[in-house]
Structures are given as structure tokens and as C-alpha cells.
Amino acid sequence: MSAGAVSPSISNGGKFENCNFLILPNDPSAKYFAISPLTMQKAEKEQIIQLINSWRERSKLSLKQILARIQAEGCDVTRDMFENRFVRFDQKPDIAPELTMAVIAAFTKGLTLNERCMPVEAIELAKLTHMPINQIEAICQFFPESEFDKAFSLTASPKYKPAPTGPSRVHFPSKSYHRLIGRTQELQQLLTALRERKRKAVIAIVGLGGIGKTALAQEAMDQCWCEGIFQYIVWASAKTERFIGKGTRKIEVSDYSFEQWLDDIARQCKRDDFVPLSLEQKRLAVKQLLLEQRVLVVMDNLETIPDYEAFVDQLFQLLGQSKLLITSRHQLRLEYVFTLDLGGVDRHEGITFLREEGKERGIATMAQAKPDDLSAIHQVTGGAPLAMKLVVGQLSRLPLDNVLYNLQTASFAGPNYDFYRFIFKYSWDMLDLESRKTLVSMSVFDLANGSSAQSLSEISQIEVEVIQMALEQLILLSLVDINGNLQQHRYTLHPLTHYFILSDIVKKWS
Ligand SMILES: Nc1ncnc2c1ncn2[C@@H]1O[C@H](COP(=O)(O)OP(=O)(O)O)[C@@H](O)[C@H]1O
Ligand SMILES: [Mg+2]
């Protein structure tokens, strides 16, 4: 990872303004160390110069070489800029996190153990230059993991404890997974958006039921909690239904109200005193709270709330310096929403997922499964985690071919009806007749290539303008994916949607 890649946009010149403690990741003893929120002090400047001086002596790099190495990290630094920051006592300009990271890279990459700076020194430089805590962890990329972790615990000072108002985990929902598999890129994208202070106030994870939206949101919440980005993390869920294998409870439109949401926020931010207030007073009190504190509000299953966009817009008006993270099967058309479209996991991640799931559930046949069989499961399920779990569960009773056949030949009387119902019923009920016809006519196209609007119009005998509107609705409900380029769109289906529209379930529901 390059130094630039680990640094979200820093608009405050590298000044530290959020939290003043750091939780050591993966460390059960959870140590903390302080970083002063002030701009650089004289003593800090002296230490920086001493540190860099010793690194230069040890590495035997010339100033020219050092500058070239920093520039190679993507930092456009001149000799003058470098000297003002790391050599001259009389100058104290702020040192941006990107530059600190590039300097650490310059004094580590390709150098021997005797030539490079030590992890403890690199962390020291990060502290002295007021690097935000959420970026310090990225220094580990320059050192062996164990060496870095040891240095980290050495620099942790027991005298600093997290603020008593720090985020509490008691409201976090229990997880249905043991370890999040894959999703590295998506999680990174999500965290970058969550760390941004000025932009991306509302972030939505959107995708089919069972694709892994809630799991990803939970992982992001955990990470935010560890990094101390937010003072409070609030969890709210609008849905009551869950797929548990044997059956699902009837889908109900959620009656979760905006006032309930305000109550949830108040309670989870330890402001129970807001709850008895009138709705208008409560709105103002929560607005003040979200302005003064950095709160992450997570709303799971947003799509079950009628008029969910107006619902989100109401909270957006109160957000202040806080953020809203949403999971939803349906897209939001509000222009300020940053959307992460979630598809299935890739093949490699899918195989790891299947092996772990098999191990977790003690299904012996999975341990010896051939890579080809695992690939076949991944392909048929389109990498959807819930579908992969369903398959693994059935493998204790049925041979693989039967399990995959059953999934592909979905039917009203078949063994997987509840599963299909859970994923598709709610969205199917929302479709108008043209959209249903359009969706069903997509079944004749090749799964990988999908179709154009024109060819869909020819097949379905529906005018292309009507098809366009139908596609818009289908995309909104995550039933159709859009591919291709700006000039030519191609519309594709997730494999599960494909089996669903081929089945007799659509006829029964129509
Ligand atoms: N990346 C992942 N690693 C491990 N388990 C996952 C992953 N993504 C989803 N799961 C599991 O798959 C199931 C479906 O995921 P979930 O997040 O509930 O989907 P959604 O919220 O999109 O309906 C859950 O049991 C969840 O714990
Ligand atoms: Mg969910």
C-alpha cells in the first residue's frame, strides 16, 4: 500500500482534532497513548530533528536520495520544504500525515535492519507530527508484524485511558458470522468514507437480501469503535423478519417511526432525558447532540420503512458532524448519499467462505471437498453468502449435485421456497406489471452477458421507453445490475434472481 493510499483527505493540514487516545488493535490489554491535539511545540520540533538526524546517519542516504525516495512515495517535497520541516529549528510548519508516512517509507523500504529506522521510532515520529490515530496503524506495513506490535505496546502509556464518554458497545447487535471473510476492498472503501469529516455524511450499503450488507456494516462499526472515530455508535433496525433456514416470519412493512429513531439515538448516546420530550423538542435536542458529538448512526434494513427516503432526509437535516450508515435492499435517490453497491464475494473468497462454514458446522464432506466442487457452489450461488450457507447446510443430508440442482430449479413446492421468498417477495410485490414482465423476459439471456434495452424490447414486445422505466425500477430494487460503459448499458441478473424468474414462484405470486 502506498503512503497516499492509506491517508484519507486531510483538509486541516494534519492537525489532530478528534480523539486523544488510541486503542491498540488486536491487543486484549487495550493500551492507549496520547497524542496532543495542539500544533507542534518547540520540544517536539527538536525531537523530530534529532530523530531524522539519527535516521540519516544510520541509513547513510544523501539528502538527494532521501528526497527522491520521498517523492517516489507520491509526496512532491522540495529540498527547502524538507529542511524546514526536518532540519531547521527556526521553522515549525505542520507536517501532513502523508509526508510523515512517506518519510517513514523512505527510511525503511529496501534498507537492511541496521540501516532502517525502528518501529518504535516511526511511531514516535507519527506522534510528534500529530498524525491522526486512525492512520498510525498503517505504519505497520513497513515492519514485520510482531516487531510493530511490540513497539506499539511499548509506546502505549498506561496513564491515558479512554474518555468516560467513549463509545459503548452494549447496543451492538450480535453477529451471525465468526470472522468476516474477504470484503477487504469494500471495507476499506467504507472506512475511508466514514473517516471523512466534511463529506459523505450518509453512506448506504445496497444489495440483494443475503448478500452480506449487515455483516459488512457490523464490521465497519467494530473498526470505527476500535479507531475511536466516533464518540457514540448507535444501532437501529427497522425489520423484524429473518431467514433462519426452516422458514421466515411473514414480511411486514416496518412501523418503525422517526420518533422511535430519535429515541434510539438519545438512549444509546446516554441521553434518556430526551425521551419524554415532545417530538419537536426531541428533534432539536438530538440535532444539538449530533452537532456537538461525533455519532455514527447505523440503520439496518432501511428499505422496509415506507417512504424511506423522506425518513433519511429528516435525519440528514439533523446530522451536524455525525454520520449515517444505512443497509438497504433498495437504492436511495438522494443526491448526497454515497452508495456502496454490494455484489457476491469473489471466487477465491467464496472458496475460503465455504471451507470455514463447513468447518464451523462440522460438515465433514466440506473439509475434503475438491476445489472444482467449491468453485461450482460459488458459481451457482453467485458468491451470495446466505445462499452459500444454505448450500453448506444441505450438504450434510444431500449430495452436492442435488443441492445445486435444487437451488437452480427453484419452485413453489420445492425445498428452497422459503429462501427465495425471503430474498424476493418484498421487492417483487413492489413491482408494477411492466417491470415484472421485463424482469421475466430477461431469463432468456445469457447470465454473464445480460442484455441491452433494445434486445429486451424485442423479446418482450414492450416499447423501449417502457423498458427503460421498468429497468430503472428493477435497478432501484437491486433486482437488475447495470454494466457496460456510458454509451452502452448492459443489464445483468444475479444467478439467484435468474433461477427465481425461471421458477413457478413468479406465477404463483402474480
Ligand atoms: N464476508 C462474510 N464473511 C462471513 N460471513 C458473512 C459474510 N457476509 C455475510 N456473511 C453471513 O452471511 C449471512 C447473510 O449476510 P447478511 O449480512 O445478513 O446479508 P444482508 O444483510 O445483505 O441480508 C449472514 O449469516 C452473515 O453473517
Ligand atoms: Mg441484513
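Our subject is the structure that appears above.
Explain the overall build of the protein to me, please; I cannot follow it from the model alone.
Within the protein, the regular secondary structure consists of 23 helices and seven strands. For the protein, the proportion of its 510 residues judged to be buried stands at 39%. Expressed as a percentage of contacts within the protein between residues at least 6 apart in sequence, the contacts between residues at least 24 apart total 75%.

Got a minute to help me understand the site of ligand 1 in this structure?
What surrounds ligand 1 is a group of 19 residues, the closest being Tyr177, Gly212, Lys213, Thr214 and Pro385. Going through the elements one at a time, helix H9 (213-227) and helix H16 (385-394) are the ones with two or more residues in the shell around ligand 1. For the shell around ligand 1, the residue count by class is eight nonpolar, eight polar and three charged. Per-domain counts for the shell around ligand 1 show at least three residues from each of domain 2 (184-341) and domain 3 (347-408).

Would you explain the packing of helix H1 (residues 42-59) against helix H5 (residues 119-128) in this entry?
Each pair of packed helices can be described by the angle between their axes along with the distance between the axes. The N-to-C vectors of H1 and H5 enclose an angle of 150 degrees; their axes lie 10 Å apart at closest approach. H5 is crossed by H1, and the crossing has left-handed handedness. Counted together, Glu44, Gln47, Ile48 and Leu51 of H1 and Glu121, Glu124, Leu125 and Leu128 of H5 form the full contact between these two elements. When grouped by side-chain class, the residues that make up the contact of H1 with H5 number four nonpolar, one polar and three charged.

I tried to follow the pairing of strand E4 (residues 323-328) on my own but got confused; where do I start?
Looking along a regular strand, one sees the side chains alternate between the two faces of the sheet. Among the six residues of E4, six are classified as buried, and the element is accordingly described as predominantly covered. Across the two faces of E4 the burial is the same, with Lys323, Leu325 and Thr327 and Leu324, Ile326 and Ser328 all buried. Inspection of the sheet shows strand E1 (residues 202-206) paired to E4 by five bridges, in the parallel sense. Counted as the bridge partner of Ile203 is Leu325 from E4. In this sheet, E4 lies alongside strand E3 (residues 295-300) in parallel orientation, the contact comprising four bridges. Of the residues in E4, the one forming a bridge with Val297 is Leu324. Crossover connection from E3 via helix H12 (residues 308-316) to parallel E4: handedness right-handed.

What should I look at first to understand the pairing of E3 in this one?
Most of E3 sits inside the fold, with six of its six residues counted as buried. Here E3 shows two buried faces, one formed by Val295, Val297 and Met299 and the other by Leu296, Val298 and Asp300. With six bridges joining them, strand E2 (residues 232-237) and E3 adopt parallel strand pairing. By the bridge assignment for E3, Val234 is matched with Val297.

I keep staring at the nonpolar core and nothing clicks. Help me out?
The nonpolar side chains of a soluble globular protein tend to be buried, and buried together. Ranked by internal contacts, the top residues of the largest apolar core, which has 80 residues, are Ala204, Val234, Leu296, Val297, Val298, Ile326 and Val391. Counting residues in hydrophobic clusters, the runner-up holds 29 residues, among them Ile52, Ile95, Ala96 and Ile123.

How do you make sense of helix H13 (residues 347-360) when you look at a structure like this?
Spacing of three or four residues puts side chains on the same side of an α-helix, whose turn is 3.6 residues. Over its 14 residues, H13 runs 20 Å from end to end, which matches the ideal 20 Å to within 8%, given 1.5 Å per residue. For H13, the set of buried residues is Gly350, Ile351, Phe353, Leu354, Glu357 and Gly358. Axial view of H13: buried residues confined to an arc of 160 degrees, hence all on one face. The elements touched by buried residues of H13 are helix H14 (364-367), helix H15 (371-381) and H16. Within two residues after H13, Gly362 carries a phi angle of roughly 65 degrees, on the positive side.

Honestly, the environment of Ala310 in this entry has me stumped. Any pointers?
Topologically, Ala310 is positioned in helix H12. C-alpha separation for the pair Ala310 and Leu334, spaced 24 residues apart in sequence, amounts to 9.3 Å.

How should the environment of Leu99 be read in this particular structure?
Mapped onto the elements, Leu99 comes out in helix H4 (residues 97-106). Take Leu99: there are 24 C-beta atoms within 10 Å of it, and that puts it in the buried class. Non-local contacts of Leu99, meaning those with residues more than four positions away in its chain, are made with Cys75 and Val77.

Sorry if this is basic, but what is going on with the sheet that holds E1 here?
Backbone-to-backbone hydrogen bonds join strands into a sheet, with any given pair of strands oriented parallel or antiparallel. Read across the open sheet, the five strands follow the order E2-E3-E4-E1-E5; overall the sheet is parallel. Looking at the sheet topology across the chains shown, the edges are occupied by E2 and strand E5 (337-341). Adjacent strand axes in the sheet meet at a mean angle of 15 degrees when their direction is disregarded. By the bridge criterion, five bridges tie E1 to E5 in an arrangement that is parallel. Paired with Val202 across the two strands is Val337, which belongs to E5. Along the sheet, H12 makes contact with E1, E3 and E4, crossing E4 at roughly 165 degrees.

Just checking my understanding: could you explain the environment of Phe424 for this structure?
Mapped onto the elements of the fold, Phe424 is located in helix H18 (residues 417-430). Looking at Phe424, the number of C-beta atoms within 10 Å reads 24, which means it is buried.

Quick question: what am I supposed to make of the packing of helix H8 (residues 184-195) against H9 here?
Contact geometry for H8 and H9: axes closest at 10 Å, N-to-C directions at 50 degrees. Relative to H9, the element H8 lies oblique. Once H8 is placed against H9, the crossing between them reads as right-handed. Contacts between H8 and H9 pair Glu186, Leu187, Leu190, Leu191 and Leu194 from the former with Leu216, Glu219, Ala220, Gln223 and Cys224 from the latter.

Sorry, what's going on with unusual backbone geometry here?
Across residues other than glycine, the phi torsion is negative in most instances, and most of the peptide bonds are trans. In this model, His130 sits at a positive phi of 60 degrees, which is unusual for a non-glycine residue. Mapping His130 onto the fold places it in the loop between H5 and helix H6 (133-136).

About the thresholds
Residues numbered from 1 in each chain as written. Chains lettered and ligands numbered in written order. Predicted model: local features only at pLDDT ≥ 70, side-chain atom pairs only at ≥ 80, totals over all residues. Helix = DSSP H or I, 4+ residues; strand = E, 2+ residues; numbered from the N terminus. Buried ≥ 20, exposed ≤ 12 C-beta atoms within 10 Å, placed from the backbone. Contact = placed C-beta atoms within 7 Å. Near = placed C-beta within 6 Å. Nonpolar A, V, L, I, M, F, W, Y, C, P; charged D, E, K, R; others polar. Domains from an automatic or database assignment. Axes fitted to C-alpha atoms, helices over the stretch in contact; angles between N-to-C directions. Left-handed = near helix turned anticlockwise from the far one by under 90°. Pairing = 2+ DSSP bridges. Right-handed = clockwise from strand over helix to strand, strands pointing away. Core = buried A, V, L, I, M, F, W, Y, C linked by C-beta atoms within 7 Å. Expected span 1.5 Å × (residues − 1). Arc of directions from axis to C-beta. Parallel < 35°, antiparallel > 145°, perpendicular 65-115°, else oblique.

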